[in-house]
Structure formats: C-alpha cells, structure tokens
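Survey of secondary and tertiary structure
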Amino acid sequence: MSGEAAAGMAGAEKNLVRVAKLKKYFSTPFGNLHAVDDISFDIRRGSTLGMVGESGCGKSTTGRLLVRLLEATAGTILYDGIDVTTAPERDMKTLRTRMQMIFQDPYSSINPRHTVASLIGEPLRIHKIVHNTTEFERRVRELMDTVGLADRLYDAYPHELDGGRRQRIGIARALALHPQFIVCDEPVSALDVSIQAQILNLLMDLQEKLGLTYLFITHDLSVVKHISEDIVIMYLGQIVERGPTGELFDKPLHPYSRALLSAIPLPELDTRRDRIILKSEVSSPIEPPPGCRFAPRCAHVRPECTAADPALREVSPGRFAACVLAERFL
Amino acid sequence: MDNLLEIRDLAVHYYSNRKVVEAVNHLSLDMKKGTVLGLVGETGAGKTTLALSIVNMIRGPQGKIVQGSLRFNGKDILAMGRQELRGLRGKDIAMIFQDPMTALNPVLPVGDQIAETVIRHEGLTRAQGWKKAEEMLETVGIPGIRSREYPHQFSGGMKQRVVIALALACNPVLLLADEPTTALDVTIQAQVLDLMRKLIRENGTSVLFITHSLGLVAENCDEVATMYAGEIVEYGTVDQVFGRPLHPYTRGLFGSLPRLRDSQRRLTPIPGLMPDPTALPRGCYFAPRCPDKMPVCGEIHPRDHLFEGHRVKCHLYGGNGREAGNER
C-alpha cells in the first residue's frame, strides 16, 4: 500500500487523480450489478476530464466513488498520492476539503428550508473554517460574489430562485473549502440553454482563476466537447474509449462512440450526416456475460468479441479504445 | 384551404393567489397540411399550454382560454361540445407527451391501451382492436407478443415507442409531440425519431414538434416558431430561421449553444431571466434582456413584421430601427 502511495507521489506533478482497476458492484436479488467494472484513467492537474455515456453506464457512480460517497468494491483511487478508497476517516475529512462535488439537480440537492447564506456557509461551519459571525458573513458574501449571486439574496430561500441561481449556490458550497478538485455531475442538464451557458462560462472562469481540476460528468456531448480537454466514453460500466477531445470527436475509434457522436442533433443546416442508428437497447448490467458489452448492438461484431472482454489499448499515441477493430477507424 | 390549423389572437391565463399568469399572449399561428412545425423556447415560454389549447384541454378553473379562436380543418375547436372533442382527441389530433412513464396507465397492459383507443375511435370489435394493437406495436419495433405486458416491463425508449404507437394508431391528421424524446438517451432518441419520421412521412401526418433543442428542429422540422413569454417572436422555414435568425432572442439561443464544430471557449449567454408572467413588461417582453434594445422597446409592444414569409416580432425590423438587411 505504502509503495503504491509513494509511486503516486512521484507522479504527482502531472496527474492529480489516478484511478486504477476501479470496480463497484451492487448486489441485487438477481446477482451482482456491475455498475463500474474495472476502469482506469488519470486526470491531469488543472484540466477537465469529460466523462460521457448514457443512463446507467456508471458515470455518476464513478464520480461518487472518487469523492468516496460510495465505497469501491476493488481498485485504487489515488488523489495526490493518497488512496481515497482506503484512507481512514480522519484523513478523509481533510481530503474532503480538497475534493468537492456539484450535483445535477439544483432543486433537490439543496435544503429548501435554509437560506442562501446558511447553505453556502454550511461547509465553513462543519469544517470550523470561520470562528465568528463577521468572518462567516464576509466569507459567504465573498463566495456569493465569486459565483455571481447578488448580495441581496443573502437571506433568500431557494424557492425564490430559478434553477441557474440555485446551481450557483451548489457551486459556491463546493468552493467554500478551497478545493482543488471538483466532480461536476451533470451540473447543467436541468437548466435551459441560455442559463446553461452562464453556468458553463462560470465553471470555466473559476477553473482559470482558481486552478481547479474537474471531472465533468454529462450525457450532453456538445457540452463535454466544449469544456473538456480529455474525454472518457463509458458503456455499461466500462471505458470503451479515451483520448484528447478534439481527436476523439474528429475520429472516434470505438463503434459505440461512433454511433453516439453521430446521434447528436446539430443545430445547423448543412449537415446531412450518415447517422448510425443502433439496434436494440443497452443490455442488463447484472452479471454480464464475458466479452464486449456493446457486442449485442454492434454492427461490426465478430466471434472474438464475445469470447473475452476487449482490453482498453493504445491504438495510436494518446488514443485508447476497447475494440478489436479500432484500427479500422483510424 | 391549405391551413390545417389556424390559431388567431389566442390568450390563455392561469389564475393563482389573485395573480394572473399570462401564459399565452395574443398568439396567431397557422399550420399547413403535411408540415412538421418546430416550436422552440425555454421552460415557461408557454409551449405546452399552447399544445393543450389546441385540443381544448386547458384545465379549469385555474386555467382559461380568455380570448381568440382555434380552427382545425375550418372547424372552431372552442365551440365544440364534449362529444365532438372526444371524437377529435386521439383520432384526428393525437398527442405524445414528454414523459412516457406518466402517459401510460401503469395497471393496464400496453396492448389494452392501444386497443381501447382504436375500438373507441374506429368502431372495431375487441378482437380486431387487439389485432390492431399488435400490428401497431410491430410497426414501432416491439414484438406483438409483448402487447400483454405492462408499462413497467418496458424500458424508457420502448415505453416512448408504445406511446408513439398509441398516438398513431388512428392515423391522426395532426400530431402534437411535446418534447417526445427529452427523457431518452441520444442513441435511443435517434432510434425513436428515425421511426417517427418514417411513420409521419408514410401517413402524411402534420406535426407540431415542441422542443427546447434547436438541433432537433434542424433535423426534423420544415418550419420553426420561436416562443418567448407566451408569444411567437419569430416564425419561418427552418432554412430562413437557421440561415438568418432575426429576433434577438432567437439569436441569443443560438449564441448560448455549445457547438460541436466551433472551438470557441466562451459562450454568449442571454443575460437575465424570462419575465415574470404575472407582471409582463409594458413594451417588448424581451427588452430587459435584449442586447439591441432601443428606447421604443420599453414603451411600445412590437408588431409582427414580415420578410418573404419570415415573420418577426421586433422593432428592429419595423422602420423604427435598422432594417433586416443590415443585420449580421
């Protein structure tokens, strides 16, 4: 364990988060549900990793595992060299000031009976960051200013605010403890496009100003393209493709990524594309049979696809795909 | 007559706590036969209220159509009696709602729900109705044998396909599709829309396609109407509106979108929020957020201005300001 931690320290300059062979199984009456099944990836310090996939692909579970809102079944998550999965509770308390989370639904993720000030100040109180009310008020107003909440909303209640402003409360709460790393779990999915743009701009400004590292989880590919340097595409608990955003969008290598990208409706006129329409639907994540999870829907399926899990391998420099045919799409 | 639907000066209000919510305001819109009209706008713009008005389903006492007329195939919908409306809904005008989970009856097999509709509207026997239900399910790619199953036994995408089968079972003339794919994942959305397009083309159905996604409009619609604070602020063919959006709000919507093709980092959001529908501003409803605001905009509510069939409700194009030709 200590050897691994040391190894993590050595690589600490570049990668803030290193995830290796991470698994999360949930037990159900019908067997184990493989929510996250053996995934590995790194997040570079100060960058944004976009994690995309459809409902049930395990992206939110991964986000929760990273900040230890869920306990991992197996694998390691090194945060600045410290293994989050095994850190004792007293270390976790310090770690949690450095890694935070922004949730999808600003309507259900904040307590409706607290005022804006008390919501934003809650982490300060819990971690005993501030020692008196003047300090509390000063810090809360500072945070409100950072996320663009008007001063007059200090004593307002969430129901008086629209979704965009509520999400700003969520962001201010996450920033209260000066974190380095924030897991953003679909932070703009519940918002209208004009408000969504405001929040995305805010998140990018904050990253620039505070040097934050993001894991940005979303099902919206236009958003992820816009905000991330690198992208991980998940399907049924596994990573099917990983690579730099631009290259991945230009030339997706996994048949699932190809179908996913071709399915995005574009608000442009001159784009009659060849859309790949997938057959059937996602198969069950409960005790999945060996082999590629995408094989039942794949147009290019071969006998070897169902024999064993295809490894996520480097197909060309920096481009990883878990498909035997990936070279074909290079 | 080539207009299937004519909406004139429609106003719908909701009443709550002595306040009046002006959800739809003096709205006029025509739909031609066989077209797919996209209705875009943000939450609270009044899109769903408009759709519900078309089938006279605004619930009283809190909701009321206070003004205007709705003509479907020349007949006044608001003057129709209960029986006539029942014959219209589900037969000539069908609806697909956003959430398939709430559109289906959870305690009835899906086949039953389709059969019920065709038995009622087409006068089929029970056996014929079930046969038709199975056929419709097959059309949307669900094995007919599953007609005895209940909604919870289907996935979200399949449930939405059941809803489509139900909506199209009686060959409607007009389909009101209210965010039909918003609850679905993109690959499933692509499947469902592909199917919808095919069925619509085969039957020559007209569609009012309500969505907040400009991408879906570009790919599925012939015409598009932008709705803001209960009004249609811009209306034209998809080529006209996407080729050159005129209204500052429509342009703002395009600016807010993260584009797949561009590499620009900053988005240009529309500042501020939609006005409170219980206290709409005196002049143009969009004026408080508008980057091109002129003094007149805060005073006088703009009229519709027309450019080659492309309609826009904005003072910029009314001789008070710049002409359309000077834009962009």
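Note that the coordinates shown come from a computational prediction; the quantities given were computed from them, not determined experimentally.

Another aspect to go through is the overall build of chain A. A count of helical and extended segments in chain A gives ten helices and twelve strands. Across its three principal directions, the C-alpha atoms of chain A cover 70 × 55 × 40 Å. Relative to its 330 residues, chain A shows a buried fraction of 44%. If you take every contact in chain A between residues at least 6 apart in sequence, the share linking residues at least 24 apart comes to 65%.

A count of helical and extended segments in chain B gives ten helices and twelve strands. If one aligns the C-alpha atoms of chain B with their principal axes, the spans along those axes are about 65 × 50 × 40 Å. In chain B, buried positions account for 48% of the 328 residues.

This part is about the confidence of the model for chain B. Residue and element names in this part refer to chain B. Overall, the predicted model of chain B reaches an average pLDDT of 90, with 95% of residues at or above 70. By mean pLDDT, helix 3 (residues 100-103) is the weakest element of chain B at 82, and strand 10 (residues 231-237) is the strongest at 97. Contacts of residues 320-328 to residues separated by more than four positions or lying in other chains number 14 contacts, the stretch itself having pLDDT below 50. Model confidence for the complex: the whole-complex pTM is 0.86, and ipTM, which rates the interface, is 0.81.

For the rest of this paragraph, the subject is the packing of helix 4 (residues 110-122) of chain B against helix 5 (residues 126-139) of chain B. All names here are of chain B. Contact geometry for helix 4 and helix 5: axes closest at 8 Å, N-to-C directions at 120 degrees. The orientation of helix 4 with respect to helix 5, classified from their angle, is oblique. Handedness of the helix 4/helix 5 crossing: right-handed. Of the residues in helix 5, those touching helix 4 at Gly111, Ile114, Ala115, Val118 and Ile119 are Arg126, Gly129, Trp130, Lys132, Ala133, Glu134 and Met136. Of the residues assigned to the contact of helix 4 with helix 5, the class counts are seven nonpolar, two polar and three charged.

Residues and elements named next belong to chain A. With mixed pairing, eight strands are arranged side by side in an open sheet as 6-7-8-3-9-10-12-11. In this open sheet, the two edge strands, each paired with only one partner strand, are strand 6 (99-102) and strand 11 (313-316). Across the sheet, the axes of successive neighbouring strands diverge by a mean angle of 20 degrees, strand direction being ignored. With five bridges joining them, strand 7 (residues 181-185) and strand 8 (residues 213-218) adopt parallel strand pairing. Of the residues in strand 8, the one forming a bridge with Val183 is Leu215.

Moving on, we come to the interface of chain B and chain A. At the interface, 36 residues of chain B touch 31 residues of chain A. For the side of chain B that touches chain A, the secondary-structure elements that each account for two or more residues are helix 7 (186-203), helix 8 (214-220), helix 9 (238-243) and helix 10 (248-256) of chain B. Among the elements that take part in the side of chain B that touches chain A, helix 7 of chain B stands out by supplying seven residues, more than any other. Split into classes, the residues belonging to the side of chain B that touches chain A amount to 16 nonpolar, twelve polar and eight charged.

What follows concerns helix 7 of chain B. Taking 1.5 Å per residue, 18 residues should reach 26 Å; helix 7 of chain B reaches 25 Å between its end C-alpha atoms and fits that length. Residues Val186(B), Thr187(B), Ile188(B), Gln189(B), Ala190(B), Gln191(B), Val192(B), Leu193(B) and Met196(B) constitute the buried set of helix 7 of chain B. Contacts made by the buried residues of helix 7 of chain B are with helix 10 (255-262) of chain A together with helix 6 (156-168) and helix 8 of chain B. Directly beyond the C-terminal end of helix 7 of chain B, a positive phi value near 65 degrees is found at Gly204(B).

The side chains of a regular strand alternate, residue by residue, between the two faces of the sheet. Most of strand 3 (residues 36-40) of chain B sits inside the fold, with five of its five residues counted as buried. Along strand 3 of chain B, one buried face is formed by Val36(B), Gly38(B) and Val40(B) and the opposite face, lined by Leu37(B) and Leu39(B), is buried too.

Residues and elements named next belong to chain B. In the contact formed by helix 4 and helix 6, the axes pass within 9 Å of each other and the chain directions differ by 15 degrees. In terms of orientation, helix 4 and helix 6 fall into the roughly parallel class. Once helix 4 is placed against helix 6, the crossing between them reads as right-handed. Contact with helix 4, carried on its side by Val110, Gln113, Ile114 and Thr117, involves Val162, Ala165 and Leu166 of helix 6 and no other residues of that element.

This paragraph deals with the sheet that holds strand 8 (residues 206-211) of chain B. All names here are of chain B. Strand order in this open sheet of eight strands is 6-7-8-3-9-10-12-11, and the pairing throughout is mixed. Whereas interior strands pair on both sides, the edge strands pair on one side only; in this sheet they are strand 6 (93-96) and strand 11 (304-307). Averaged over all pairs of adjacent strands, the angle between their axes in this sheet comes to 20 degrees, without regard to strand direction. Of the strand pairs in this sheet, strand 3 and strand 9 (residues 223-228) are connected by four bridges, and their pairing is parallel. Paired with Leu39 across the bridge in strand 9 is Ala225.

This part takes up the pairing of strand 7 of chain A. Residues and elements named next belong to chain A. A large share of strand 7 lies buried, amounting to five of its five residues. A two-sided burial pattern is seen for strand 7, the buried positions comprising Phe181, Val183 and Asp185 on one face and Ile182 and Cys184 on the other. Sheet topology note: the strand 6/strand 7 ladder contains four bridges and is parallel. Within strand 7, the residue paired with Met99 across the bridge is Phe181. Crossover connection from strand 7 via helix 7 (residues 193-210) to parallel strand 8: handedness right-handed.

On to the environment of Gly318(A). Residue and element names in this part refer to chain A. Summarising the element assignment, Gly318 is placed in the loop between strand 11 and strand 12 (319-321). According to the C-beta neighbour criterion, Gly318 is exposed, with 12 such atoms within 10 Å. Along the sequence, Gly318 and Arg242 sit 76 residues apart, while their C-alpha atoms lie 8.3 Å from each other. Apart from residues no more than four positions distant in its own chain, Gly318 is found in contact with Gly243 and Pro244.

As a further point, take unusual backbone geometry. In this structure, the amide linkage connecting Gly60(B) to the following residue, Pro61(B), adopts the cis form with an omega of -5 degrees. Turning to its location among the elements, Pro61(B) is positioned in the loop between helix 1 (47-54) and strand 4 (63-72).

Attention now goes to the environment of Cys297(B). Residues and elements named next belong to chain B. Relative to the elements of secondary structure, Cys297 occurs in the loop between helix 10 and strand 11. By C-beta crowding, Cys297 is classed as buried, having 24 other C-beta atoms within 10 Å. Spatially, the C-alpha atom of Cys297 lies 24 Å from that of His13, the residues being 284 residues apart in sequence. Contacts of Cys297, omitting those with residues within four sequence positions, involve Gly283, Cys284, Ala287, Cys290 and His315.

It is worth spelling out the nonpolar core at this point. Note on soluble globular proteins: their nonpolar side chains tend to be buried together. Formed by 187 residues in total, the largest nonpolar core has its most connected members in Ala172(A), Leu215(A) and Ala165(B). Here this core takes eight residues from helix 6 of chain B, the largest share from any one element.

Another aspect to go through is the confidence of the model for chain A. On average, residues of chain A score 91 in pLDDT, and 95% of them are at 70 or above. Ignoring residues within four places in sequence, the model shows residues 1-12 of chain A, a span with pLDDT below 50, making 14 contacts including any to other chains.

Thresholds applied
- Counting restarts for each chain: residues are numbered from 1 in the order of the written sequence.
- Think of it this way: whatever chain is written first is A, whatever ligand is written first is 1, and the rest follow in order.
- It should be noted that, the model being predicted, local features are given only for residues of pLDDT at least 70 and side-chain atom pairs only at 80 or more, the latter also being counted only at that level, while totals for whole chains, interfaces and linings use all residues.
- Secondary structure counts use DSSP, requiring at least four H or I residues in a row for a helix and at least two E residues in a row for a strand, with both numbered from the N terminus.
- Here exposure depends only on C-beta density: within 10 Å of a residue's C-beta, 20 or more other C-beta atoms make it buried, 12 or fewer make it exposed, and intermediate numbers make it partly exposed, the C-beta atoms being placed from the backbone.
- We call two residues in contact when the distance between their C-beta atoms, placed using the backbone, is within 7 Å.
- For every residue, the pLDDT score states the predictor's confidence, bounded by 0 at the bottom and 100 at the top.
- In this analysis an axis means a line fitted to C-alpha atoms, helices contributing only their contacting stretch, and an angle means the value between N-to-C directions, from 0 to 180 degrees.
- Reported orientations rely on four angle classes, namely roughly parallel under 35 degrees, roughly antiparallel over 145, roughly perpendicular from 65 to 115, and oblique for the rest.
- Handedness of a crossing follows from how the near helix is turned relative to the far one, being left-handed for an anticlockwise turn of less than a right angle and right-handed for a clockwise one.
- In this count, Pro and Cys sit with the nonpolar residues alongside Ala, Val, Leu, Ile, Met, Phe, Trp and Tyr, while Asp, Glu, Lys and Arg are called charged and the others, Gly among them, polar.
- Pairing between strands is defined by DSSP: at least two bridges between them are needed.
- By this rule, a helix spans an expected 1.5 Å times one less than how many residues it contains.
- A clockwise path from the first strand over the helix to the second, with the strands pointing away from the viewer, defines a right-handed crossover.
- The term nonpolar core refers to a set of buried Ala, Val, Leu, Ile, Met, Phe, Trp, Tyr and Cys residues connected through C-beta atoms within 7 Å.

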